[in-house]
2 protein chains.
Amino acid sequence: MLGNFTFANPTKLYFGDDSLQYLNDELPKYGKTVQLIYGGGSIKKNGIYDAVVAILKANGKTIVEDSGVMPNPTTEKLKEGIEIARKHNVDLLLAVGGGSCCDYAKAVSVSVHCNEDPWEKYFIRFEEPSCKILPVGCVLTMVGTGSEMNGGSVITNHEKHLKIGHVFGEEVMPKFAILNPKFTFTLPHKQMVAGIYDIFNHICEQYFSGTDDNTSDYLAEGLMRSVVHSSLIAVENPQDYEARSNIMWCATWALNTLIAKGKTTDWMVHMLGQAVGAYTDATHGMTLAAVSLPYYRHIMPYGLAKFKRFAVNVWGVSAEGKTDEQIANEGLAKLEAWMKKIGLTLKISELGATPEMIEGIADATLILKGGYKVLERPEIVQILRESL
Amino acid sequence: MLGNFTFANPTKLYFGDDSLQYLNDELPKYGKTVQLIYGGGSIKKNGIYDAVVAILKANGKTIVEDSGVMPNPTTEKLKEGIEIARKHNVDLLLAVGGGSCCDYAKAVSVSVHCNEDPWEKYFIRFEEPSCKILPVGCVLTMVGTGSEMNGGSVITNHEKHLKIGHVFGEEVMPKFAILNPKFTFTLPHKQMVAGIYDIFNHICEQYFSGTDDNTSDYLAEGLMRSVVHSSLIAVENPQDYEARSNIMWCATWALNTLIAKGKTTDWMVHMLGQAVGAYTDATHGMTLAAVSLPYYRHIMPYGLAKFKRFAVNVWGVSAEGKTDEQIANEGLAKLEAWMKKIGLTLKISELGATPEMIEGIADATLILKGGYKVLERPEIVQILRESL
């Protein structure tokens, strides 16, 4: 049942192919110095960097560069970002990129005015910010994480082989996000489909929990169907604006807390995938894809009714004359066929994982309790071996 | 396609059977004087009034009473509310009731510091507020309008025989809303099902427009299925907490702008129903129910693909071996069966409309252009006759 919860999401979203201009509406709300956060420089090639800088300058802002945010932002990079913000007394953190840039910006935002070690405080002790939080804005160029409209931030500690996410509250959510589907057109195919599976799996992580009738599950089914539908168009024609815009919009609503309301939520695919990522540095969405099917086939008997519903409501499997197991298995077979069709990697060995890494990956896999089965360590090892 | 739009909804929602206590978290954010807005006094019978007043007093607030908000709040009542707020220099408008109380509170909020006639400014000229806006909070006791999380406000001018709604922006949306499904348990059956159909029709009004693939439509289908599912449980057992909570949650998301993104939206059922209401003073949801089937059967040929999709995705109609018309008609037959089952009125004659009123109701029906067919006057008359 829906139970007791709070929903609050103050992020203002500007969506569409003319959305960047709204930066002009947002910038006057903040002080003079803007920390411009981005990744490896692809935004310099596709013109987005120049367009953003022009708007910042037109609004009289002082730009402080903070580039080189990596796909899995590290504690070292976080330290660098905090120093930049402190040195220049930054007023606004503007992330131009994908989920990594947004995640990183949020981690910087809660750390600049905090005297403790942010890794220990937020990612080990999971404390809430007790200091002034810098405002964050996002210009999204990659789709998948939903970081543009939530309080989530995932940081990687290479030294400790740990990649940990903290979901902060509404005060850490971006103040605004600019979502232009055209900014995602130039993304390489692999990154596009990895993002698509990230979205789909965010929905699954919330959907595959609980046994009751819940509006969140109905909304989740709608989002899944929309993602699947548009993904098949987008892989054929990455420049299909309609498909790319639906995918972008689904990504935002897949992980802004709406469809988690009343749900315990699972997140074990993410725990497994992130552990694989910590060992291989592979693309996040691909790690999720590669562990998903062995995981879902493993937990299916414990959540059979939901897997049956998934088959019928998301994949249109006919239930007639079949056992629940048959229906549920057909649903997972349809999921697998779709994953193959859009070009996802279904083996962690193809992402750089070796049999020798399995025990270490299993050690790095956090066990959560919201799904249909609380995994034991041998089950994790088994799922990882089946994913090889 | 989704196109260009902004999404911003800062309302903080506290949901669940313990949600009233969160008034203690919200009240300290505002000044000392609270205008307590409510309707005919049912909240005094069911204990909600006492509970709210106790929390207000515990927080040291001065309470200014503003009761007697009627189902269709009038310009006279609005004037009264503005005077109360001005006289007592009110800091917060707290609406305890259904959509009418929330709508009214929003109208007061934009008028207290405005020197112009609010009816003329907001409901005739549709201007935006240019003055200080008083904050609004809601404690919801009826479900349907979605007013708790949107900027909508409908005011009736009896002198001019007009009932007009203005959808204000995010700054007018309630700062917070408290949604306790148990507060809706004591609602009479007729009001409960009228509210349920109001929710369902809000979704239809947005769903039945456009021809493209849009995430909004997938979300709308999810909401419709959830409403139908929970309504069948609620009519059997109005005290089923799970069903009532899902209905309450669907109502909020049916009309907080989310599922309208990228849609032209129709709203002709509301125009027809409101015109019937102006002549009969019948319950809003019942007027919508009574005109819906003749209207949808009339426009079906112009939006056949969507009506087919509605049949399959919302009602589970099998498409096998049938023409599109057959599938679409089966969907509307399922809608009709559901409406009868939950006890909706399907004839405007049962709501007090007579054949002699038809021309007048047709005159009072505003023609909108977002749906599948822009109606001509003879079509309106025909639909109204078929609704008799």
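Residues numbered from 1 in each chain as written. Chains lettered and ligands numbered in written order. Predicted model: local features only at pLDDT ≥ 70, side-chain atom pairs only at ≥ 80, totals over all residues. Heavy atoms only, no water.

This paragraph deals with the overall build of chain A. Helix and strand content of chain A: 15 helices and 9 strands. C-alpha extents for chain A along the principal axes are approximately 70 × 45 × 40 Å. When contacts within chain A are restricted to residue pairs at least 6 apart in sequence, those whose partners lie at least 24 apart make up 78%. Here chain A contributes 37 positive and 44 negative side-chain charges, whose respective centroids are spaced 3 Å apart. (Helix = DSSP H or I, 4+ residues; strand = E, 2+ residues; numbered from the N terminus. Contact = heavy atoms within 4.5 Å. Lys, Arg positive; Asp, Glu negative; His and termini not counted. Charge placed at Lys NZ, Arg CZ, Asp CG, Glu CD.)

Packed helix pairs are characterised by how far apart their axes lie and by the angle those axes make with each other. All names here are of chain A. The interhelical angle for the contact between helix α10 (residues 268-280) and helix α11 (residues 284-299), taken along N-to-C directions, is 130°, at an axis separation of 8 Å. Relative to α11, the element α10 is oriented oblique. Like other packed secondary-structure pairs, α10 and α11 cross with a definite hand, here right-handed. Residues M268, V269, H270, L272, G273, Q274, V276 and G277 of α10 lie in contact with α11, whose contacting residues are H284, T287, L288, V291, S292, Y295 and Y296. Here the contact of α10 with α11 is composed, by residue class, of 8 nonpolar, 7 polar and no charged. (Axes fitted to C-alpha atoms, helices over the stretch in contact; angles between N-to-C directions. Parallel < 35°, antiparallel > 145°, perpendicular 65-115°, else oblique. Left-handed = near helix turned anticlockwise from the far one by under 90°. Nonpolar A, V, L, I, M, F, W, Y, C, P; charged D, E, K, R; others polar.)

In this section: the interface of chain B and chain A. Of the residues lining the interface, 40 residues belong to chain B; the matching set on chain A comes to 40 residues. Of the roughly 3,800 Å² buried where chain B meets chain A, counting both sides, 58% is carbon and sulfur surface. Taken as a group, F7(B), Y218(B) and W249(B) account for 16% of the area that chain B buries against chain A, more than any other trio of residues on that side. A salt bridge links K12(A) to E170(B); its shortest N-O distance comes to 2.7 Å. (Buried area = accessible area lost by both parts, 1.4 Å probe. Salt bridge = Lys/Arg side-chain N within 4 Å of Asp/Glu carboxyl O.)

Bringing the pattern of salt bridges into the picture now. Summed over all chains, the structure comprises 42 salt bridges over all chains. A salt bridge links E336(A) to K340(A), with the shortest nitrogen-to-oxygen separation between them at 3.3 Å. Placement of the pair is E336(A) and K340(A) together in helix α13 (residues 324-342), with a separation of 4 residues, close to one helical turn. Overall, K340(A) belongs to the exposed group, its relative accessible area being 54%. E127(B) serves as the salt-bridge partner of K121(B), at 3.2 Å between the closest nitrogen and oxygen. Given the relative accessible area of 2%, K121(B) is considered buried. Given the relative accessible area of 28%, E127(B) is considered partly exposed. Ionic contacts of the salt-bridge type, sharing partners, join the residues E116(A), K121(A), R125(A) and E127(A) into one network. (Buried < 20%, exposed > 50% of the residue type's maximum accessible area, 1.4 Å probe, protein only.)

A separate point is the confidence of the model for chain A. Model confidence for chain A is summarised by a mean pLDDT of 96, while 100% of its residues fall at 70 or above. The ipTM assigned to the predicted complex is 0.95, against a pTM of 0.96. (pLDDT = per-residue confidence, 0-100.)

Let us look at helix α9 (residues 241-254) of chain A. Two residues of an α-helix separated by three or four positions point the same way, owing to the 3.6 residues in each turn. Residues and elements named next belong to chain A. Here α9 is 14 residues long and its end C-alpha atoms lie 20 Å apart, about the 20 Å a rise of 1.5 Å per residue gives. The buried fraction of α9 is high, at 13 of 14 residues. Two to three positions downstream of the cap, the backbone nitrogen of E242 sits 3.2 Å from a side-chain oxygen, assigning the N-cap of α9 to D240. (Expected span 1.5 Å × (residues − 1). Polar contact = N/O pair within 3.5 Å; in protein donor to acceptor, adjacent residues only side chain to side chain.)

Take the sheet that holds strand β3 (residues 33-37) of chain A next. In any sheet, the strands associate via hydrogen bonds between backbone groups, in a parallel or an antiparallel arrangement. Ordered by their spatial adjacency, 7 strands build an open sheet running β4(A)-β3(A)-β5(A)-β6(A)-β9(A)-β2(A)-β1(B), and the pairing between neighbours is mixed. The open sheet has two edge strands with one neighbour each: β4 (62-66) of chain A together with β1 (5-7) of chain B. With strand direction ignored, the average angle separating the axes of adjacent strands in the sheet is 20°. Direction of pairing for β3(A) relative to β4(A): parallel, over a ladder of 5 bridges. Looking at β4(A), one finds that Q35(A) is bridged to V64(A). Across the face of the sheet, helix α3 (residues 48-58) of chain A comes into contact with β3, β4 and β5 (92-97) of chain A while running at roughly 175° to β3(A). Relative to strand β2 (residues 12-15) of chain A, α9(A) is tilted by about 170°, and along the sheet it contacts β2, β6 (136-140) and β9 (176-179) of chain A together with β1 of chain B. (Pairing = 2+ DSSP bridges.)

This part is about the side chain of K306(A). All names here are of chain A. Along the polypeptide, K306 turns up in helix α12 (residues 304-315). By relative accessible area, which is 6% here, K306 ends up buried. Sequence-distant contacts of K306, that is, excluding residues within four places in its chain, are made with Y207, F208, S209, G210, D217, K263 and Y372.

Another aspect to go through is the pairing of strand β5 (residues 92-97) of chain B. Residue and element names in this part refer to chain B. Most of β5 sits out of view: 6 of its 6 residues are buried. Burial along β5 is two-sided: the face carrying L92, L94 and V96 and the face carrying L93, A95 and G97 are both buried. Where strand β3 (residues 33-37) and β5 come together, 4 bridges link them in parallel fashion. Across the sheet, V34 pairs through a bridge with L92, a residue of β5. As judged from the 5 bridges shared by β5 and strand β6 (residues 136-140), these two strands associate in the parallel manner. Each bridged residue has a counterpart across the sheet, and for L94 the counterpart in β6 is G137.

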